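# Observations on chain architecture
Read off the chains here:
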Amino acid sequence: MGETYDYLKELEDFSGGTFHQDISSPEQALGEFINEASKDCLLSTIKDCEMFLNSNLTKQEKENIIQNNAEVYFLAIELTPLQWLNNLVEQMKEEVKTK
């Protein structure tokens, strides 16, 4: 994770690899990710997400990136992409406590 570390690429890999078109639901996909990921992996994913959320990108840019990488129908879950990502981070933080 040197100077060339790209949290945005890591976030895109996480969201695209976890929340793809073949999932049953976003909740089920997150559960599978949490169950299969090590504590270090979860901590790294949380860090990448938080770096993204706290970045200088505009709200619209952030929402577009999330929508372009995660196959989630946000209207159906009644959350904006940013609310959804914040919820994911909080859920992962809770799970880290038990790993």
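Anyway, here's the lowdown on the structure attached to this text.

Rules behind the numbers
Residues numbered from 1 in each chain as written. Predicted model: local features only at pLDDT ≥ 70, side-chain atom pairs only at ≥ 80, totals over all residues. Heavy atoms only, no water. Core = buried A, V, L, I, M, F, W, Y, C linked by side-chain atoms within 4.5 Å. Buried < 20%, exposed > 50% of the residue type's maximum accessible area, 1.4 Å probe, protein only. Helix = DSSP H or I, 4+ residues; strand = E, 2+ residues; numbered from the N terminus. Contact = heavy atoms within 4.5 Å. Salt bridge = Lys/Arg side-chain N within 4 Å of Asp/Glu carboxyl O.

Formed by 26 residues in total, the largest nonpolar core has its most connected members in Phe19, Trp84, Leu85, Leu88 and Met92. Of all elements in the fold, only helix H1 (7-18), helix H2 (26-36), helix H3 (39-53), helix H4 (59-69) and helix H6 (81-96) reach the threshold of two or more residues within this core. Among the elements that take part in this core, H6 stands out by supplying seven residues, more than any other. Excluding residues that lie within four positions of it along the chain, leucine 85 makes contacts with Leu11, Cys49, Phe52, Leu53 and Ile66.

A positive phi is found at glutamate 78, a non-glycine position, where the angle reads about 60 degrees. Along the chain, glutamate 78 turns up in the loop between helix H5 (74-77) and H6. The exposure class of glutamate 78 is exposed, given its relative accessible area of 70%.

A few words now on the pattern of salt bridges. Under the counting rule described, the total for this entry stands at four salt bridges. Between lysine 93 and glutamate 90 there is a salt bridge whose closest N-O contact spans 3.9 Å. One end of the pair, lysine 93, and the other, glutamate 90, are both in helix H6, three residues apart, so they sit about a helical turn from each other. Looking at lysine 93, the relative accessible area reads 30%, which means it is partly exposed. Lysine 97 is the partner of glutamate 94 in a salt bridge, and the nearest nitrogen-oxygen pair spans 3.0 Å. Take glutamate 94: its relative accessible area is 44%, and that puts it in the partly exposed class. Connected through shared salt-bridge partners, Glu50, Glu90 and Lys93 make up one network.

Read these as spatial facts, not as claims about activity.
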